[in-house]
Structures are given as structure tokens and as C-alpha cells.
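# Examining the three-dimensional arrangement
Listed below are the residues making up each chain.
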Amino acid sequence: MAFSLNSYPVIYRARYSQDGWQEEYLEKSHKTPEEEARLDEAEAAALVNSRNFFDDMPLVSYTTQYGLSCFEGLKALPQKGGGLAIFRPDRNAERFYNSMKGLYMPPFPEDLFINVVKETVRRNAALGFSISYKPEWEKDSFINADSIYIRPFTYSEGGIGVNISRQPWVIVVISPVSAYFSAGTPDAVITNRIRATPNGTGWIKAASNYAIAALAKHEAMDSGFIECIFLDAAERKYIEEGSSCNIFFYLKSGELATPELGDTILPGITRSSIIELARDRGVRVSERKVSLEEVIAGAKECFVSGTAAGATPLTSLTYQGKKTVFNNGKVGELTAELRDTLKGIQYGIIPDTKGWLVRVE
Ligand SMILES: *Cc1c(COP(=O)(O)O)cnc(C)c1O
């Protein structure tokens, strides 16, 4: 299944007008999940593709021409005790609100966002499109577990000149997914490209940010790496983040360091969850500038974090052809603990004492 688009049939769509958000749930063409599972690859692709089209939306828009759009990514996870739960949707609701405001769009209300993501998952599950818990996932700490990925995003009205979007749509598509990074040694490379600049949109989950990220990631993968890591634009000295994930370093001093937020770093919800889990364990965590020089000299563990990635250990970091290997190429102890705790809470095998899970009834 990997991390690919395989959207379920029920799609949420709302459009902003003076009267507020006009909402609808569209049930796109589908068969029963059992029948769909029996389709051959081409038939299945054609069906999923058909759900991905709307003949009443503009082709030429500020989104398609200028990348004026923002999105979210969150997950509904099958619970050991049965049913599904969404991980911290309130935080995604808040970030989506801030992203839309940052792009001068009418922001989507946070309580509406939470209800809509729950309802989209629920309506698809009612048609049989869902995932159930598999005990075998526990064997490798859920690294290969499936989940339902929820992708809310905006889409602008039609237009050809450079402009902001005053009457956007908000669409929510959901798709079953498995592991984000494909198997292989998780080596990363420092890219020369610049993802975000001061006073730019790096802090917004804006579509336009990902053109450069996609190029850098492609170049990294072309050279056998799983991810590219960006340095800051101004001094080219400090680590910022990956193409779609934040980054942590466990230093030899016993400090878990992650680059501090600002206008060039995406405020990850996994990032803030990891910080909290590490502090709970008594680990000294700091959010500060982290230089490349410092981690080359003194990091014993390194991992990236994100909804899609979870907490994924990085074996090494290569800069200008020089490779720095962490923990002799093995998954570090703290990295594994944090990853397993996060996954355990998400899949309902560790009690959710923080109220991070919102059940889909
Ligand atoms: C989405 C994203 C993250 C991770 O955010 P989460 O809320 O943890 O999923 C980190 N960096 C970038 C650039 C992202 O797009």
C-alpha cells in the first residue's frame, strides 16, 4: 500500500461565501470494499482516479497557477480495543486556521475542522472503508502498521492574475496508508537548496513550500538517501528540518535538541508530542539553534518526526560528501523508546493519559 493515494469514496467539500461555509459530503463512485479488493490494478486505479476529479471546479486558479493553497495531514488509527481514533485533531485544526490566515484566506473554524475530519472518517467507515487493528503490528512496534491518512486542503476560486483567495474551498480526502519511508538504510543528506527564508511562508503548511522540497527530496533519493535536510537560508550553518518532517538530535551531553520554531520551520505536531514525551521521561530537551558542526561532532542519535514518518531514526547524515554515522548505524535507545511510546499511544496499547486521541464513533 505504501504512502500512496488510494482515496476512500466519501469526500468532504465546503466553499466559503458571505453566508459562511457551504458544506457537502460527496459520495463518489465505489463498489463494496470486498469488490474493490478484487479489482485488478488498472481497474482499481481507474476507480480511485475517478474519485479524484470534480467537474465543477476551476482549472485555472490561484492554487494551480501560483501554489496558493495550504493543507494538513493527520491520521485516524485503528485501536487495539477496536474502533478508530484520530491523533490530536485540535492541533491540526489550529494550524490549518493559522495557515489560512497566513495566506489571507477566510480561516476555517477549528471546531468545524474537528467535526469534519471525524465525520469524513465515520461516513467512509459506515460504507465499510476502514482499517481494523492487526495484533501482528505489535511485533515491530507498529513500524509497518496501517492507518487512515486524512488530508484537508484548500483550493482557490478561478483566476489568472497573481492574487489571494477570498472564496476558497476546503476539501477533506482520506486514504489508507502504510509506512512513509520505503525500506532500506535510512541515510539522509544535507541539501544545498533553501526550503524557506525569513519573512517567507516556511511556517505555513503551504503548497508552494513543497516545490523546492520535492526537488531536493528527489535529488536525495536519486543519490540513495531517504530524505534531504535543509540548512538555514541566512547563515547556512544551522539545521532546520527535512522536506516534510522535523528533526531531533540526541547529543552526547545528554540533551535532546531540536531546531527552535520561527518563520522558517513548520511547527510539527509530532515534534511537540515528542518533546512532551521526552520531558516526561526526564530527558533534557531544548528548542534552540542547532548547528551542523555541533551535530557532526556530538550527536549520538538522530531522528525525524512527522505524522507520516512517526519518529524515524536516521542512520547517518552526509554533508559535502562526508558521512556522519550515528550510534554505529543502529537505532538509538532513546529514539526507539520515543518512537515506541508515540506509536503505542496512537494505536491504543499505551494508555492515553494526555487526551491526545479523539475517538471516531
Ligand atoms: C507536515 C510537516 C512536518 C510535520 O508536521 P506534523 O504535524 O508532525 O505532521 C514537518 N515539516 C514539514 C515541512 C511539514 O510539511
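Residues numbered from 1 in each chain as written. Predicted model: local features only at pLDDT ≥ 70, side-chain atom pairs only at ≥ 80, totals over all residues. Heavy atoms only, no water.

This brings us to a nonpolar patch on the surface. Residues Leu59, Val60, Tyr66, Ile160 and Val162 make up a contiguous nonpolar surface patch of roughly 560 Å² in combined accessible area. Position of Ile160 among the secondary structure elements: in the loop between strand E5 (147-155) and strand E6 (169-177). A relative accessible area of 62% means that Ile160 is categorised as exposed. (Patch = residues over 30% accessible without salt bridge, like charges linked within 9 Å, V, L, I, M, F, W, Y side chains within 5 Å. Areas by Shrake-Rupley, 256 points an atom, 1.4 Å probe, with all protein chains shown as cover. Salt bridge = Lys/Arg side-chain N within 4 Å of Asp/Glu carboxyl O. Helix = DSSP H or I, 4+ residues; strand = E, 2+ residues; numbered from the N terminus. Buried < 20%, exposed > 50% of the residue type's maximum accessible area, 1.4 Å probe, protein only.)

What follows concerns the site of the ligand. If you check the shell around the ligand, you find 15 residues, and the closest are Lys205, Tyr210, Glu241, Thr270 and Thr307. Interatomic distance of 3.4 Å between a backbone N/O atom of Cys245 and a nitrogen atom of the ligand. In the environment of the ligand, an oxygen atom lies 2.8 Å from a nitrogen or oxygen atom belonging to the backbone of Ile269. Considering the ligand on its own, with 380 Å² of exposed area, one finds that the protein chains cover 97% of that surface. Considered class by class, the residues forming the shell around the ligand number 4 nonpolar, 7 polar and 4 charged. (Near = heavy atom within 4 Å. Polar contact = N/O pair within 3.5 Å; in protein donor to acceptor, adjacent residues only side chain to side chain. Nonpolar A, V, L, I, M, F, W, Y, C, P; charged D, E, K, R; others polar.)

Right, let's get into the sheet that holds strand E3 (residues 74-78). One open sheet holds the 7 strands; their spatial order is E2-E1-E6-E5-E3-E4-E17, and the pairing between them is antiparallel. Lying at the two open borders of the sheet, with one neighbouring strand each, are strand E2 (20-27) and strand E17 (357-360). Taking the axes of each pair of neighbouring strands and ignoring which way they run, one obtains an average angle of 25 degrees across the sheet. Two elements, strand E4 (residues 84-87) and E17, share 4 bridges in a ladder whose sense is antiparallel. (Pairing = 2+ DSSP bridges. Axes fitted to C-alpha atoms, helices over the stretch in contact; angles between N-to-C directions.)

For the rest of this paragraph, the subject is the packing of helix H7 (residues 269-280) against helix H9 (residues 333-346). Put simply, H7 and H9 touch, their axes get as near as 10 Å, and they point 110 degrees apart. Between H7 and H9, the interaxial angle falls into the category roughly perpendicular. Relative to H9, the crossing made by H7 is right-handed. Between H7 and H9, the contacting residues are Thr270, Ser273, Ile274, Leu277 and Ala278 on the first element and Leu338, Thr341, Leu342 and Ile345 on the second. Classifying every residue of the contact of H7 with H9 by side-chain character gives 6 nonpolar, 3 polar and no charged. (Parallel < 35°, antiparallel > 145°, perpendicular 65-115°, else oblique. Left-handed = near helix turned anticlockwise from the far one by under 90°. Contact = heavy atoms within 4.5 Å.)

Summarising burial for strand E1 (residues 10-17): 6 of the 8 residues are buried, a large majority. Alignment of E1 against E2, held across 8 bridges, turns out to be antiparallel. Paired with Arg13 across the bridge in E2 is Glu24. Connecting E1 to the antiparallel partner E2 that follows it, the hairpin turn spans 2 residues. Inspection of the sheet shows E1 paired to E6 by 4 bridges, in the antiparallel sense. The residue of E6 that forms the bridge with Arg13 is Ile171.

Turning our attention to the sheet that holds strand E10 (residues 246-251). What the 5 strands build is an open sheet, ordered E12-E11-E10-E13-E14; its pairing is mixed. Each of the sheet's edge strands pairs with one partner strand only, and the pair in question is strand E12 (284-288) and strand E14 (310-313). Ignoring strand direction, the axes of neighbouring strands in this sheet form an average angle of 25 degrees. Pairing of E10 with strand E11 (residues 255-259) involves 2 bridges; the strand directions are antiparallel. Each bridged residue has a counterpart across the sheet, and for Phe249 the counterpart in E11 is Ala257. Its contacts with the sheet put H7 on E10, E11, E12, strand E13 (299-306) and E14, and the angle it makes with E12 is roughly 145 degrees. H9 contacts E10, E11, E13 and E14 of the sheet and is inclined by roughly 20 degrees relative to E13.

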